[in-house]
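Chain and residue survey
What follows is the residue order along each chain.
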Amino acid sequence: MLLEVKNLRQAYGDHEVVAGLSFSLARGAIGCLLGPSGGGKTTVLRCIAGFETPQEGEIRIAGRMVSGPGTMVAPEKRRIGMVFQDYALFPHLSVAGNIAFGLHAMAHAERAARVRKLGELVGLTAALAKYPHEISGGQQQRVALARALAPSPELLLLDEPFSNLDIDLRERLSLEVREIIKASGATAVLVTHDQQEAFAMADEIGILHERHIQQWDAPYNLYHRPANRFVADFVGQGVFLPAKALSAGRLEIELGVLESDERGKEDLEVLLRPDDVVHDDAAPTRAEVLHKAFRGAEILYTLRLESGRKVLALVPSHHNHALGEKIGIRLDVDHVVAFRPEAQSSKP
Ligand code: ADP
Ligand code: MG
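These numbers come from a predicted model, not from an experiment.

1. Structural notes on the site of ligand 1
Residues in close proximity to ligand 1 include Y12, H15, V17, P36, S37, G38, G39, G40, K41, T42 and T43, which together make up its full environment. At a separation of 2.6 Å, an oxygen atom of ligand 1 approaches a polar backbone atom of G38. One of the backbone nitrogen or oxygen atoms of G40 is found 3.0 Å away from an oxygen atom of ligand 1. Here ligand 1 has 560 Å² of accessible area as a free molecule, and 58% of this is covered by the chains. Top element by residues in the shell around ligand 1 is helix α1 (residues 41–49). It accounts for 3 residues.

This is the structure we're talking about:
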């Protein structure tokens, strides 16, 4: 493992930001901490970078303890590169000057060669002599990335790197940046509150909530096999429908019977994602179109079932139905996700 974070605790005064937080990352992998704002993502990055001294826990980079009981390696000795939300480029330095910033120990010719190489890696060869204010936001982001990668860090840390860019650019750039990081061979930790960004960039994602990681997993598993209700709610869209346990492994919901791994006898709630509900004119179950969101290739329908409960259905957009219309639906659930019903509120 290139990065190991074990049982990390960081508090400001009596405000505990993270506690018992652990994860590890293999060399060359891109990991992401995903969670709501104020959840402690930046705090964890600052601990890894060495700007904070955690109260508890251990951090190892390439097998070397950098934070732990009696150990605190200085940030500049951790072989880390950082990319911040606001890029923090030096306005008085050219693109080349910015990229060269961390290379002062290199001989002149070697440094120039390294700057050219990084300029090429991020696709800015033609812009090396320009100044930050002369290039676009997306290009500035790539300069920040090249500057962080230039000294060949073991570990790259990215804090909400795309939040200052518009949505279109964000999506394209997150894929580009992923390719650049992969090509550089660096291991990276990204933190963001933006799911699309996390899914586009990361090999593995940890959902940060209530001071620790709720589930650390591949994006596919977070979506299809959420470990708990918070993860199920937070990642992707979906609804919960009450389910009656018929016999071992069979759960009945309003839309039919599902085969599940659950062997208990208690009633549960089943998560239905928009892609679990399929539109089919021949299906006997009808549901009323309450709302529709056009997404280009698909329409996301909000449908009302007989009982009045709502489900979401993702339907190819040539099936264009009007509000109030009743359309046929059936289940196409690959893996059933079921949890105990949420504790009922005791309020009257
Ligand atoms: P995120 O990056 O997920 O938005 P942060 O790590 O920035 O979350 O902040 C987590 C919590 O820690 C917030 O409540 C924030 O106010 C608090 N916090 C962060 N840094 C400090 C600090 N230096 N002193 C006191 N409180 C802090
Ligand atoms: Mg933050």
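2. Quick notes on the pairing of strand β18 (residues 298–304)
Counting buried positions along β18 yields 5 of 7 residues, so the element is predominantly enclosed. With antiparallel pairing between neighbouring strands as the criterion, β18 and strand β19 (residues 310–316) make up a hairpin whose turn holds 5 residues, including G308 at a positive phi of roughly 95°.

3. A few points about the packing of helix α4 (residues 137–149) against helix α5 (residues 167–184)
At a minimum axis separation of 11 Å, α4 and α5 run at an interaxial angle of 20°. With respect to α5, the axis of α4 lies roughly parallel. Note that α4 runs across α5; the crossing there is right-handed. Here G138, Q141, R142, L145 and L149 of α4 come into contact with α5, specifically with L169, L173, E176, V177, I180, I181 and S184. Partitioned by chemical class, the residues of the contact of α4 with α5 number 7 nonpolar, 3 polar and 2 charged.

4. What to know about the sheet that holds strand β2 (residues 15–25)
Taken in spatial order, the 5 strands line up as β2-β1-β4-β5-β6 in an open sheet, and their pairing is antiparallel. Each of the sheet's edge strands pairs with one partner strand only, and the pair in question is β2 and β6 (71–72). As judged from the 3 bridges shared by strand β4 (residues 56–61) and strand β5 (residues 64–68), these two strands associate in the antiparallel manner. Its bridge partner lying in β5, I61 is registered against R64.

5. Description of the domain arrangement of the protein chain
According to the domain assignment, the protein chain consists of domain 1 (3–231) and domain 2 (237–339). Each of domain 1 and domain 2 was reduced to a C-alpha centroid, and the two centroids are 38 Å apart. In this assembly, 9 residues from domain 1 lie in contact with 11 residues from domain 2. Approximately 810 Å² of surface area, both sides summed, lies buried where domain 1 meets domain 2, with 49% of it carried by carbon and sulfur atoms. Linking domain 1 to domain 2 there are 1 salt bridge. Looking at the side of domain 1 that touches domain 2 element by element, the count peaks at 4 residues for helix α7 (residues 219–224). In terms of residue class, the side of domain 1 that touches domain 2 is built from 5 nonpolar, 2 polar and 2 charged.

6. Concerning the side chain of E52
Summarising the element assignment, E52 is placed in the loop between α1 and β4. Exposure remark for E52: the relative accessible area of 14% places this residue in the buried category. Side-chain polar atoms of E52 contact the side chain of Y12, separated by 3.3 Å. A distance of 2.9 Å separates the side chain of E52 from the side chain of R46, its partner in a polar contact. In contact with E52, not counting residues within four places along its chain, are Q10, Y12, R46, C47 and M72.

7. As for empty space enclosed by the protein
Scanning the entire structure with this criterion turns up 1 cavity of 30 Å³ or more. One number sums up the size of the largest cavity: a volume of about 30 Å³. Lining the largest cavity we find A245, S247, G249, R250, L251, S260, E262, G264 and L268. Those elements giving two or more residues to the lining of the largest cavity turn out to be β12 (239–247) and β13 (250–253).

8. Some details on the pattern of salt bridges
A full pass over the atoms with the stated rule returns 17 salt bridges. R211 is the salt-bridge partner of E16, the closest N and O atoms lying 3.1 Å from each other. Pair noted here: E16 is in strand β2 and R211 is in the loop between β10 (204–209) and β11 (212–217), with a separation of 195 residues, a long-range link. Residue E16 is classed as partly exposed on the basis of its relative accessible area of 27%. According to the relative accessible area criterion, R211 is partly exposed, its value standing at 37%. Among the salt bridges present, the one from E259 reaches R250, with a minimum N-O distance of 3.8 Å. E259 sits in the exposed class, given a relative accessible area of 58%. A relative accessible area of 34% places R250 in the partly exposed class. Through salt bridges that share partners, R9, E16 and R211 make up one connected network.

Conventions we followed
Residues numbered from 1 in each chain as written. Chains lettered and ligands numbered in written order. Predicted model: local features only at pLDDT ≥ 70, side-chain atom pairs only at ≥ 80, totals over all residues. Heavy atoms only, no water. Near = heavy atom within 4 Å. Polar contact = N/O pair within 3.5 Å; in protein donor to acceptor, adjacent residues only side chain to side chain. Areas by Shrake-Rupley, 256 points an atom, 1.4 Å probe, with all protein chains shown as cover. Helix = DSSP H or I, 4+ residues; strand = E, 2+ residues; numbered from the N terminus. Buried < 20%, exposed > 50% of the residue type's maximum accessible area, 1.4 Å probe, protein only. Pairing = 2+ DSSP bridges. Axes fitted to C-alpha atoms, helices over the stretch in contact; angles between N-to-C directions. Parallel < 35°, antiparallel > 145°, perpendicular 65-115°, else oblique. Left-handed = near helix turned anticlockwise from the far one by under 90°. Contact = heavy atoms within 4.5 Å. Nonpolar A, V, L, I, M, F, W, Y, C, P; charged D, E, K, R; others polar. Domains from an automatic or database assignment. Buried area = accessible area lost by both parts, 1.4 Å probe. Salt bridge = Lys/Arg side-chain N within 4 Å of Asp/Glu carboxyl O. 1 Å grid on protein atoms, 1.4 Å probe; cavity = no way out; pocket = protein on both sides within 12 Å on 5 of 7 lines; lining within 4 Å. Points joined across faces, edges and corners; volume = space filled by probe spheres on them.

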